[in-house]
Amino acid sequence: IVGCKWVFCVKPKADGSIDRHKARLVAKGFNQQVGVDYDDTFSPVVKPGTILTILALAVSQNWSLQQLDVRNAFLNGIPHEEVYMKQPPGFVDPNHSQYVCCLHKALYGLKQAPRAWFQRLASFLCNQGFSHSKSDASLFTYHSSTHSLYVLVYVDDLIVTGSNNDAIHRFLDQLCNTFASHKLGDLHFFLGMEVTH
């Protein structure tokens, strides 16, 4: 049985003032046993060379670069293994304190959470007509007779670019309707890179 704990933090704004107070239930994944409640943990992230290539393509074609952040991304993952967790502190059923929770969705802290999230996102993108790049599993491409779209995935941060602005915004709306997401607008910062339009 995996333990859990609450993690509390204060999210600051860029100017240092308080943006919001955040509480997250985190599983104690260090209690998990390989082959029992998890198998694979590897989850691909986009390669730096791929990012630079797509940025160069977008600049040369004068395409829009949009950024999107998926809120609580790992909570969207669905683990393939049975994982049992203790009841969360403060939410223990007084009549059944010995009961445990069977997780139907991944939690932060689970060893398979990053992989489960990526598989769920990849499945959604493939259902929308995107395909994996053969050179980088975190680059998804969509081509039709009228336009092309490119999606770069780095855990919960996505960059979307393509030849048609309306198609980009339609896709972003679809993504936001499926996963709780925050549109960040034009790309400004990504993995330590600053982008000036």
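Nothing here was measured: the structure is a model prediction, and the numbers come from that model.

Parameters at a glance
Residues numbered from 1 in each chain as written. Predicted model: local features only at pLDDT ≥ 70, side-chain atom pairs only at ≥ 80, totals over all residues. Heavy atoms only, no water. Pairing = 2+ DSSP bridges. Helix = DSSP H or I, 4+ residues; strand = E, 2+ residues; numbered from the N terminus. Contact = heavy atoms within 4.5 Å. Axes fitted to C-alpha atoms, helices over the stretch in contact; angles between N-to-C directions. Polar contact = N/O pair within 3.5 Å; in protein donor to acceptor, adjacent residues only side chain to side chain. Expected span 1.5 Å × (residues − 1).

Colleague: Help me understand the sheet that holds strand E10 (residues 181–186) in this model?
Modeller: The strands making up a sheet associate through hydrogen bonds between their backbones, and the pairing can be parallel or antiparallel. Taken in spatial order, the six strands make up an open sheet running E6-E7-E8-E9-E3-E10, and their pairing is antiparallel. Where the open sheet ends on each side, the last strands, each with one partner, are strand E6 (131–132) and E10. Here five bridges tie strand E3 (residues 65–70) to E10, and the two strands are oriented antiparallel to one another. Across the sheet, the residue bridging to valine 70 is serine 181, located in E10. Contacts from helix H1 (residues 48–61) reach E3, strand E7 (139–143), strand E8 (148–154) and strand E9 (157–162), with the element oriented near 150° to E8.

Colleague: In this structure, what is going on with the side chain of histidine 147? I would like to understand it.
Modeller: Along the chain, histidine 147 turns up in the loop between E7 and E8. Of the polar contacts made by the side chain of histidine 147, one reaches the side chain of threonine 146; its length is 2.9 Å. Excluding anything up to four places from it in sequence, histidine 147 contacts Tyr142, Ser163, Asn164 and Ala167.

Colleague: Honestly, H1 in this entry has me stumped. Any pointers?
Modeller: Residues three or four positions apart in an α-helix share a direction because the helix packs 3.6 residues into each turn. Given a rise of 1.5 Å per residue, 14 residues ought to cover 20 Å, and the 20 Å separating the end C-alpha atoms of H1 matches this to within 8%. Among the structural elements, E3, E7, E8, E9, strand E11 (189–190) and strand E12 (193–194) are those in contact with the buried residues of H1. Two residues or fewer past H1, asparagine 62 is found with a positive phi of approximately 60°.

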